[in-house]
Amino acid sequence: MQITAAVARERFGPFSVEPLELCDPRPDELLVKIIATGMCQTDQHGRDGYYNTPLPAVFGHEGAGIVSAVGENVSRFAPGDHVVISFPWCGTCANCRRNMESHCLNNFHLKMSGARPDGSTLMRQTDGAPVYSAFFQQSSFATYAIANERFAVNVRKDAPLELLGPFACSGQTGAGPVLNTMRPEPGDAFAVFGVGAVGLSGLMAARIAGCDPLIAVDIHASRLALASELGATHAIDHSGRTDVVAQIRNITGHGVRFSLETSAQPVVLREAVEALMPGGTCVLLGSARAGTEVSLEMPFLQFGRSVHGVIQGESHPPELIPRLVDFLMQGKMPIDKLITFYPLAEINRAAHDSNAGSTIKPVLRMPH
Ligand SMILES: NC(=O)c1ccc[n+]([C@@H]2O[C@H](COP(=O)([O-])OP(=O)(O)OC[C@H]3O[C@@H](n4cnc5c(N)ncnc54)[C@H](O)[C@@H]3O)[C@@H](O)[C@H]2O)c1
Ligand SMILES: [Zn+2]
Ligand SMILES: [Zn+2]
């Protein structure tokens, strides 16, 4: 069928909105009419060659939409279902067998190769040339996407579908470590470094868990103001020469039990570790380019402090995504405050505004 999609043709180049041909779903796949899809830094990193995804390619991995058709072996979905398309995993590797889907040993290939596991692409140009698609096994910067039923998640129909796409990546990435990995108790001291879409999702989850104090660190005053609105008890502006660690120790005494690093800066990761109390855990979420190193003081770590890298919130999406949607509907996770909508045709403005820091979470609305 003919669709409209945003195609990346060159590294660091603009996205180009074009008509493409999308294949039919296979027996275990869904055809999803995309209503809206979030834009994450990873889409731009993909376009810019961080993961060697071949071009031309269609990115997008925070798709929310309505099931339009199902393959003959699909049992859990029917046309008309509302779905969020999550990240892929192989289901058979040593980590998948331990329910560690987000750390699937094959996930990099499944997310970044631009093709199905068998190497087939989903999209073609109108002249027949293949376009790398199946990014995160979805490529949702498009009016329609094909998703394997294993990675789609049914969501309640009374929830505003156009808000739900970001739960697939930034929402799970931020909230998952708090709810799945740290599991804080009420009153645990918590600091989040970087309050973009990922950090704010973590902050909202930490607030739900009852963390106090709840400290937000960023370089943008507007983002810190939103963090305070969303429950931060303290906001620290890191744009000057502030000694952030000293400020956190002033607030907490011994430091925080948990810190969340989302800025992807080595110096900030070190601060997020130095802000920990003995026995505390820093979760690293920020994606630095391959080869980036950080130094940490060994005796300091020895006192029970740990750094734990987390991908995709260590989540099991069919459990976590509906839980986050329930939090949204209960008013506890107002993700709408993070979102700015753009029509698909203005995807380059969305990317620009995201990079400039003026938009926290761009969400592309599809023309239907
Ligand atoms: N681990 C995963 O599975 C996963 C998944 C999605 C995204 N990510 C990564 O998570 C990171 C956050 O994503 P996002 O969408 O929220 O991006 P973002 O750019 O909106 O957020 C990063 C925040 O860090 C802040 N920051 C920059 N320098 C800082 C400093 N010196 N001190 C404090 N704050 C500083 C920025 O102002 C910004 O608000 C990105 O690196 C992204 O690629 C990781
Ligand atoms: Zn696996
Ligand atoms: Zn993402």
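Anyway, here's the lowdown on the structure attached to this text. (Residues numbered from 1 in each chain as written. Chains lettered and ligands numbered in written order. Predicted model: local features only at pLDDT ≥ 70, side-chain atom pairs only at ≥ 80, totals over all residues. Heavy atoms only, no water.)

Take the overall build of the chain next. Along its length, the chain carries 10 helices and 18 strands. Relative to its length of 368 residues, the chain is compact, with a C-alpha radius of gyration of 20 Å against a globular reference of 21 Å. In terms of overall dimensions, the chain has C-alpha extents of about 65 × 40 × 35 Å along its principal axes. Scored against the burial criterion, the 368 residues of the chain give a buried share of 56%. Contacts in the chain between residues at least 24 apart in sequence constitute 69% of all its contacts with a sequence separation of at least 6. (Helix = DSSP H or I, 4+ residues; strand = E, 2+ residues; numbered from the N terminus. Rg over C-alpha atoms; globule rule 2.2 N^0.38 Å. Buried < 20%, exposed > 50% of the residue type's maximum accessible area, 1.4 Å probe, protein only. Contact = heavy atoms within 4.5 Å.)

The next subject is the sheet that holds strand β4 (residues 57-58). As summarised here, the arrangement of the five strands in space is β4-β1-β2-β7-β8, forming an open sheet in which the pairing is antiparallel. A single partner strand is all that each edge strand has here, and the edge strands are β4 and β8 (130-131). In this sheet, strand β2 (residues 15-22) lies alongside strand β1 (residues 2-8) in antiparallel orientation, the contact comprising seven bridges. Bridge pairing in β2 places Ala 6 opposite Val 17. (Pairing = 2+ DSSP bridges.)

Scanning the model with the defined rule gives seven aromatic pairs in all. An angle of 90° between the planes, with centres 6.0 Å apart, marks the rings of Phe 15 and Phe 141 as edge-to-face. On the criterion of sequence distance, the pair formed by Phe 15 in strand β2 and Phe 141 in the loop between β8 and β9 (144-148) is long-range, its members being 126 residues apart. By the burial criterion, Phe 15 is buried, and Phe 141 matches it. An aromatic cluster is present here, built from Tyr 50, Tyr 51 and Phe 108 joined pairwise through their rings. Taking NZ or CZ as reference, Arg 305 lies 3.6 Å from the ring centre of Phe 300, over its face. The ring of Phe 341 carries Arg 365 above its face, with NZ or CZ at 3.9 Å from the centroid. (Phe/Tyr/Trp six-rings, centres within 6.5 Å; stacked < 30°, edge-to-face > 60°. Lys NZ or Arg CZ within 6 Å of the ring centre and 35° of its normal.)

Below, the discussion takes up the coordination of the zinc ion (ligand 2). Within the first shell, the zinc ion (ligand 2) binds the protein through Cys 90 (SG), Cys 93 (SG), Cys 96 (SG) and Cys 104 (SG), at distances of 2.3 to 2.4 Å. Classification of the site at the zinc ion (ligand 2) rests on its four donor atoms, whose angles at the metal span 104 to 117°, yielding the label tetrahedral. All donors of the zinc ion (ligand 2) belong to a single chain; written as a sequence motif, their spacing is C-x2-C-x2-C-x7-C. The buried category is assigned to Cys 96, whose relative accessible area is 7%. (Donors = N, O, S within 2.8 Å, 3.2 Å for Na, K, Ca; no water. Tetrahedral: all angles 85-135°; square planar, octahedral: opposite > 155°, others 65-115°.)

Close to ligand 1 lie 27 residues; Val 198, Asp 218, Arg 223, Val 310 and Gln 312 are nearest. The separation between an oxygen atom of ligand 1 and a polar side-chain atom of Arg 223 is 2.8 Å. Gln 312 places a main-chain nitrogen or oxygen 2.8 Å from an oxygen atom of ligand 1. Contact with the protein chains covers 89% of the free accessible surface of ligand 1, which is 860 Å². Where the shell around ligand 1 is concerned, the elements lending two or more residues are α1 (41-47), α4 (197-208) and β12 (214-218). (Near = heavy atom within 4 Å. Polar contact = N/O pair within 3.5 Å; in protein donor to acceptor, adjacent residues only side chain to side chain. Areas by Shrake-Rupley, 256 points an atom, 1.4 Å probe, with all protein chains shown as cover.)

Our next topic: the side chain of Lys 361. Here Lys 361 lies in strand β18 (residues 361-365). In this structure the side chain of Lys 361 is engaged in a polar contact, spanning 2.9 Å, whose partner is the backbone oxygen of Met 39. Of the polar contacts made by the side chain of Lys 361, one reaches the side chain of Ser 170; its length is 3.4 Å. When residues no more than four places from it in sequence are discounted, the contact partners of Lys 361 are Gly 38, Met 39, Cys 40, Glu 62, Pro 166, Ser 170, Ala 197, Leu 338, Ile 339 and Thr 340.

Turning our attention to the coordination of the zinc ion (ligand 3). With distances of 2.0 to 2.3 Å, the protein atoms coordinating the zinc ion (ligand 3) are Cys 40 (SG), His 61 (NE2) and Cys 169 (SG). Mapping the donors of the zinc ion (ligand 3) onto the primary sequence yields the spacing C-x20-H-x107-C. With His 61 in the loop between β4 and β5 (63-70) and Cys 169 in the loop between β10 (152-154) and α3 (170-182), the pair connects residues that are 108 residues apart, well separated along the chain. Considered together, His 61 and Cys 169 belong to a single accessibility category, that of buried residues.

In this section: the nonpolar core. Judged by nonpolar contacts, the single largest core of 51 residues is most densely connected at Met 123 and Phe 141. Sorting the residues of this core by element identifies β1, β2, β3 (29-38), β4, β6 (82-85), α2 (107-112), β9 and α10 (347-356) as the ones contributing at least two each. For this core, the element with the highest residue contribution is β1, accounting for five residues. Listed in part, the 49 residues of the second largest apolar core include Val 195, Leu 203, Leu 214 and Val 283. (Core = buried A, V, L, I, M, F, W, Y, C linked by side-chain atoms within 4.5 Å.)

Scope: geometric values only; no functional claims are made or implied.
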